[in-house]
Amino acid sequence: MNSSFNSNWLFVFAIIGGLLAGFRIWQNLQKLRRQKNDSWDARLIDQLRKRGSDPFKAHDVDFFLAFPSQGTAEDLAKQLRGEGFDADVVDEPESGDLRWSLHAHKSMKLTVPDMQELSRRLTTAATERHGRYDGWSAKQVPRTDAGIV
């Protein structure tokens, strides 16, 4: 009886250990996903700057998201419009399950921390609505040195 009692406790501890290990793995995967998005934003801003884009001027920035239903896409588009974005929703049947494309546009300065935060926020908003945030792009804004473009 004592040996079955010990083996039951051993089993319980093994289950708890497995759950803790699984939770840590999940946390690390989430951290890696955030770092990947964060580094992507930084790389894109760095590329724009290397091509001569002025980091101190506002850029036209386009954001791209996809959703399974028109209602979820329109819901986020309405929210973004309230935050100063232009946003439109288009049905793209060839896109499969995420056929509703949300394109948002805003003129803004490109700073790494701000873009990382905005990408995190859009990723969360898309995920909560069973959609996907596909990232952003910006048009180059040339530097002006002493009045020369």
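Each remark here, short or long, concerns the structure printed above.
Residues numbered from 1 in each chain as written. Predicted model: local features only at pLDDT ≥ 70, side-chain atom pairs only at ≥ 80, totals over all residues. Heavy atoms only, no water.

Caption draft 1: Quick peek at the overall build of the chain. A count of helices and strands for the chain gives 3 helices and 4 strands. Element order for the chain, N to C, with α for helix and β for strand: α-β-α-β-β-α-β. Relative to its full complement of 149 residues, the chain shows a buried share of 28%. Sequence separation of at least 24 residues holds for 74% of the intrachain contacts in the chain that already meet a minimum separation of 6. Of the accessible surface of the chain, which amounts to about 9,900 Å², a share of 58% is contributed by carbon and sulfur atoms. (Helix = DSSP H or I, 4+ residues; strand = E, 2+ residues; numbered from the N terminus. Buried < 20%, exposed > 50% of the residue type's maximum accessible area, 1.4 Å probe, protein only. Contact = heavy atoms within 4.5 Å. Areas by Shrake-Rupley, 256 points an atom, 1.4 Å probe, with all protein chains shown as cover.)

Caption draft 2: Molecular detail of the packing of aromatic side chains. Applying the stated criterion across every chain yields a total of 2 aromatic pairs. Ring geometry for Trp40 against Trp136: centres 5.8 Å apart, planes inclined by 85°, an arrangement best described as edge-to-face. Of this pair, Trp40 sits in helix α1 (residues 2–50) while Trp136 is found in strand β4 (residues 132–138), placing the two residues 96 residues apart along the sequence. A ring pair is formed by Phe63 and Phe85, whose centres lie 5.6 Å apart and whose planes are at 70°; its orientation type is edge-to-face. (Phe/Tyr/Trp six-rings, centres within 6.5 Å; stacked < 30°, edge-to-face > 60°.)

Caption draft 3: Examining helix α2 (residues 70–82) more closely. Over its 13 residues, α2 extends 18 Å from the first C-alpha to the last, a length consistent with the 18 Å expected when each residue adds 1.5 Å. Of the residues making up α2, those classed as buried are Ala73, Leu76, Ala77 and Leu80. Projected down its long axis, α2 carries its buried residues within an arc of 105°, all on one side. Exposed side chains of α2 directed beyond 90 degrees from the buried face belong to Gly71, Lys78 and Gly82. (Expected span 1.5 Å × (residues − 1). Arc of directions from axis to C-beta.)

Caption draft 4: Region of interest: a nonpolar patch on the surface. A cluster of nonpolar side chains, Trp9, Phe11, Val12, Phe13, Ile15, Ile16, Leu19 and Leu20, forms an exposed patch at the surface whose accessible area comes to about 830 Å². On the secondary structure map, Phe13 appears in helix α1. Residue class for Phe13 comes out exposed when judged on its relative accessible area of 54%. (Patch = residues over 30% accessible without salt bridge, like charges linked within 9 Å, V, L, I, M, F, W, Y side chains within 5 Å. Salt bridge = Lys/Arg side-chain N within 4 Å of Asp/Glu carboxyl O.)

Caption draft 5: Examining the pattern of salt bridges more closely. Scanning the entire structure with this criterion turns up 6 salt bridges. Asp46 is the partner of Lys50 in a salt bridge, and the nearest nitrogen-oxygen pair spans 3.2 Å. Remark: Asp46 and Lys50 occur in helix α1; sequence separation between them is 4 residues, near one turn of the helix. Among the residues examined, Lys50 registers a relative accessible area of 68% and is labelled exposed. With a relative accessible area of 36%, Asp46 lands in the partly exposed category. A salt bridge links Arg120 to Glu117; the nearest nitrogen and oxygen atoms lie 3.1 Å apart. You can see Arg120 and its partner Glu117 sitting in helix α3 (residues 112–128), 3 residues apart, about one turn around the helix. Look at Arg120 and you get partly exposed, because its relative accessible area is 30%.

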